[in-house]
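# Per-entry structural report
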Amino acid sequence: MAQGFQRFSRDVFPARAALFEKLATTHRPTALFIGCSDARVVPELITQTDPGELFVIRTAGNIVPPYARGADGVAASVEYAVSALGVSDVIVCGHSACGAMTALASDGDLTGLPAVAGWLHHADASKARTDAGGELTRADRVTALVRDNVVAQLANLRTHPSVAKAMARNRVTLHGWVYDIGTGSAEMLDATGERFIALAG
Ligand code: ZN
């Protein structure tokens, strides 16, 4: 990591000096990207965005707890991005082979991971949607849950007052994506909010 930083400050930073000089005093991202903490899903890489363009929240399973009063890091970041920074788009991005969704889909034993178990309860509605879809193979069940979880987390996001207000004023658009690690492809929720289609540029 330290060597990587040395490379950054020696090679990368000088080459983009003008961008970093502007960013030193300007923070105006256009989108809020809510993705999984999974190391294989790198928001800036898969969207090919520069520093300063994406405001990012990463949580296990790209989960956004529904709004509740009290200190909540996810809620604070959502509110800041939407109300203070005024992002015009919010993307909730799930991904293939998600550990959180796999644990949930297979009713994995999480007794040794009480914090994870507690956190995943925020995806109970996602699991209920998948369960209602009928019998599936294990792999198909994970795929379905990853998609259903994106839909459920978008619903949770709408419970945040900052998001509800911005949506009522047509100042923000919500998007649901699923990224496939093995193929580098992605799909997006269509206008009906029920079906995923290939992500078009
Ligand atoms: Zn994940």
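As a reminder, the structure under discussion sits directly above these lines.
Rules and cut-offs
Residues numbered from 1 in each chain as written. Predicted model: local features only at pLDDT ≥ 70, side-chain atom pairs only at ≥ 80, totals over all residues. Heavy atoms only, no water. Salt bridge = Lys/Arg side-chain N within 4 Å of Asp/Glu carboxyl O. Helix = DSSP H or I, 4+ residues; strand = E, 2+ residues; numbered from the N terminus. Buried < 20%, exposed > 50% of the residue type's maximum accessible area, 1.4 Å probe, protein only. Pairing = 2+ DSSP bridges. Axes fitted to C-alpha atoms, helices over the stretch in contact; angles between N-to-C directions. Contact = heavy atoms within 4.5 Å. Donors = N, O, S within 2.8 Å, 3.2 Å for Na, K, Ca; no water.

## Thoughts on the pattern of salt bridges
This model, assessed by the stated rule, comprises ten salt bridges. In this structure, D50 and R16 form a salt bridge, with 3.0 Å as the shortest nitrogen-oxygen distance. One end of the pair, D50, is in the loop between α3 (43-47) and β2 (54-59); the other, R16, is in the loop between α1 (2-15) and α2 (17-23), and 34 residues separate them in sequence. On the basis of relative accessible area, D50 is assigned to the partly exposed category, the value being 28%. Close ionic contact of K127 with D131 constitutes a salt bridge, the shortest N to O distance being 3.9 Å. Here K127 and its partner D131 are both found in helix α7 (residues 124-132), four residues apart, which amounts to about one turn of the helix. Of the residues examined, D131 reaches a relative accessible area of 40% and is grouped as partly exposed. Shared partners join several salt bridges into a network, and the residues in it are D107, K127, D131 and R141.

## Side note on the sheet that holds strand β1 (residues 31-36)
Reading across from one edge, β2-β1-β3-β4-β5-β6 is the order of the six strands in this open sheet, with mixed pairing throughout. This sheet does not close on itself; its edge strands, each paired only once, are β2 and β6 (196-198). Neighbour to neighbour, the strand axes of the sheet diverge by 25° on average, direction disregarded. As defined by bridge partners, strand β3 (residues 89-95) adjoins strand β4 (residues 173-179) across seven bridges and the pair is classed as parallel. Bridge pairing in β4 links I91 to H175. Strands β1, β3, β4, β5 (186-189) and β6 of the sheet are contacted by helix α8 (residues 138-158), whose axis makes an angle of about 160° with β4.

## Brief notes about the coordination of the zinc ion
Bound to the zinc ion are the protein donor atoms C36 (SG), H95 (NE2) and C98 (SG), situated 2.1 to 2.3 Å from the metal. Summarised as a motif, the one-chain spacing of the donors to the zinc ion is C-x58-H-x2-C. Taken together, the residues C36 in strand β1 and C98 in the loop between β3 and α5 (99-105) connect sequence positions 62 residues apart. Assigned by exposure class, C36 and C98 land together as buried.

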